[in-house]
Amino acid sequence: MRVINFMDTTLRDAHQSLLATRMKTSEMLPVLEEMDEIGYEAFEMWGGATFDSCLRYLNEDPWERLKEIRKRVKKTKLQMLLRGQNILGYSNYPDDVLELFIKKMGEDGIDVVRIFDALNDSRNLEKPVEYAKKYGMNVQGAISYTVSPVHTIEKYVEFAKSLVDMGVDSLCIKDMAGLLTAPQSYKLVKALKKKFNLPVEVHSHFTSGLADAAYWAAIEAGADIIDTATSALAYGTSQPAVEPFVMMIKDSEEYETKLNMEKINHVNDHFIKVRANHRSEDVAMTSIDSRIFSAQVPGGMLSNLVSQLKAQNALDRYDEVMKEIPKVREDLGFPPLVTPTSQIVGVQAVLNVLNGERYKMVTKETKNYVKGMYGKPPAPISKEIIKKILGNEKPIDVRPADLLEPGLEKARKEIGELAQNDEDLLSYALFPQIARPFLEKKYIAKIKVDFKIADDYSSKFPELSIYPV
């Protein structure tokens, strides 16, 4: 019998999709030791939007989250999602920043890194794969899955070959919008398993209602790992729940799983309580939406889209925006909609609708995309669209990061003593506007604690003068 392994997304993608990435580290820690006993292949617990969200919304240090989870998880691999040359941000970063980031995340506890590029531009993955291998991590190359006239099984296998040639240890089909049907899932997994002697993992979202069937078809085609969440944080725009798959596999005569159902249920009880602390989800994020088949909106983008329209008091125009998104996507060469292209296309669609004229106002990100600063679009962009968005500027034809100056020394000079270590420096290099106030608060809080300790000692031993240096 063939063992089917599971990667658990509860600590990252599940709450990113359903709870706007607002789960706190304190809500994770109490149950980690028991999760570690379930038998998962890995926990996806870092990367994606969690880094940004920790700093921006939760007043938490994302590096400390990683270290605290690593202290408690001894048996299960810790996995993170890296946006290729974008690292965890929304544009390309210089190679020196990328290398130090990968080095430190490995030192602080990451075992497996899933690396993807929004455009499946292999140039944007060369350095991330090289550095992750250099620092001893297991590297998974991800295929950003989408549906368009230019995205075929043959093209995906061709892209996968470029990943294999780079030296990745496994492959992942990353279906961020839940577009993978059972027949396509079977064909793509079968093609990858036939061509490459590597483990294949399948990642999808339940946004369209297709993911359960796509997973089972993937298993039958030879997939080694599927990505699921505990049921309290599953379905909607999240991943399928783990529990039904455990029961289906146990009832089969061909497959088996090593997961402990009793412990899964106990852990799920904890996350039922956690979810009750976050009653912010919109119905659009918790129910099946058939408009996804045309709009191709991934889970994280959907929650952001709803938030943007609410902020503009324009939620009543949601349907118009959902119709505009595929038009913008076609104009921009059919990019897969995953960070950062999902935000670029989504925001531009919102502007087109709210302004009443297409491309009357164009974001800086849309201009940079058309210029080639994010990579090469899957299909050529028409000259008319290029002219409308760029004017007389010409697109680039090199790896975008080749045009970037080194970033570490510049960041080090700007942040100064507020960066107490490499992790602080990297937080600033990636997100300067939110990291500076975070580090100021963190540093001031530490000074207050040090002075309190000093004052306590001084009151007890007045003959000594103890103050922090």
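Quantities reported herein were computed from a predicted structural model and do not represent experimental measurements.

### Here we look at the pairing of strand S9 (residues 225-228)
One face of the sheet, then the other: side chains in a regular strand alternate in exactly this way. Across the two faces of S9 the burial is the same, with Ile-225 and Asp-227 and Ile-226 and Thr-228 all buried. Looking at chain direction, strand S2 (residues 5-8) and S9 are connected through four bridges and run parallel. Looking at S9, one finds that Phe-6 is bridged to Ile-226. Alignment of strand S8 (residues 200-204) against S9, held across two bridges, turns out to be parallel. When the bridges of S9 are listed, Val-202 appears paired with Ile-226. For the crossover that starts at S8, traverses helix H10 (residues 211-221) and ends in the parallel S9, the hand is right-handed.

### Some words on the side chain of Asp-52
In this structure, Asp-52 sits in helix H4 (residues 50-58). Taking relative accessible area as the criterion, Asp-52 reaches 6% and is therefore assigned buried. Among the polar contacts made by the side chain of Asp-52, one reaches the side chain of Arg-56 at a distance of 2.8 Å. Not counting the four nearest positions on each side in its chain, Asp-52 is found in contact with Tyr-90, Phe-431 and Ile-434.

### Some points on the confidence of the model for the chain
A residue-level look at the chain finds 91% of positions with pLDDT of 70 or above and a mean pLDDT of 91. pLDDT under 50 marks residues 449-469. Its contacts with residues more than four places away, or in other chains, come to eleven contacts.

### Quick notes on the pattern of salt bridges
Side-chain pairing between opposite charges can occur once the charged atoms of the two side chains come close. All told, the structure shown has 32 salt bridges when counted by the stated rule. Between Asp-424 and Lys-442 there is a salt bridge, with its nearest N and O atoms 3.3 Å apart. In this pair, Asp-424 sits in helix H20 (residues 422-430) while Lys-442 sits in helix H21 (residues 432-460), placing the two residues 18 residues apart along the sequence. Judged by its relative accessible area of 34%, Lys-442 is partly exposed.

### Remarks on the pairing of strand S6 (residues 138-144)
Along S6, six of the seven residues are buried, which leaves the element largely enclosed by surrounding structure. Both strand S5 (residues 112-115) and S6 contribute to a ladder of four bridges, which runs parallel. Bridge pairing links Ile-115 to Gly-141 in S6. Running through helix H7 (residues 126-134), the crossover from S5 to the neighbouring parallel element S6 is right-handed. Alignment of S6 against strand S7 (residues 170-175), held across five bridges, turns out to be parallel.

### Quick notes on the sheet that holds S6
Spatially, S2-S3-S4-S5-S6-S7-S8-S9 is the arrangement adopted by the eight strands of the closed barrel, whose pairing is parallel. Shown here is a sheet whose adjacent strand axes are inclined to one another by a mean of 30°, direction ignored. Contacting S8 and S9, H10 crosses the sheet at an angle of about 175° to S8.

Cut-offs and rules
Residues numbered from 1 in each chain as written. Predicted model: local features only at pLDDT ≥ 70, side-chain atom pairs only at ≥ 80, totals over all residues. Heavy atoms only, no water. Buried < 20%, exposed > 50% of the residue type's maximum accessible area, 1.4 Å probe, protein only. Helix = DSSP H or I, 4+ residues; strand = E, 2+ residues; numbered from the N terminus. Pairing = 2+ DSSP bridges. Right-handed = clockwise from strand over helix to strand, strands pointing away. Polar contact = N/O pair within 3.5 Å; in protein donor to acceptor, adjacent residues only side chain to side chain. Contact = heavy atoms within 4.5 Å. pLDDT = per-residue confidence, 0-100. Salt bridge = Lys/Arg side-chain N within 4 Å of Asp/Glu carboxyl O. Axes fitted to C-alpha atoms, helices over the stretch in contact; angles between N-to-C directions.

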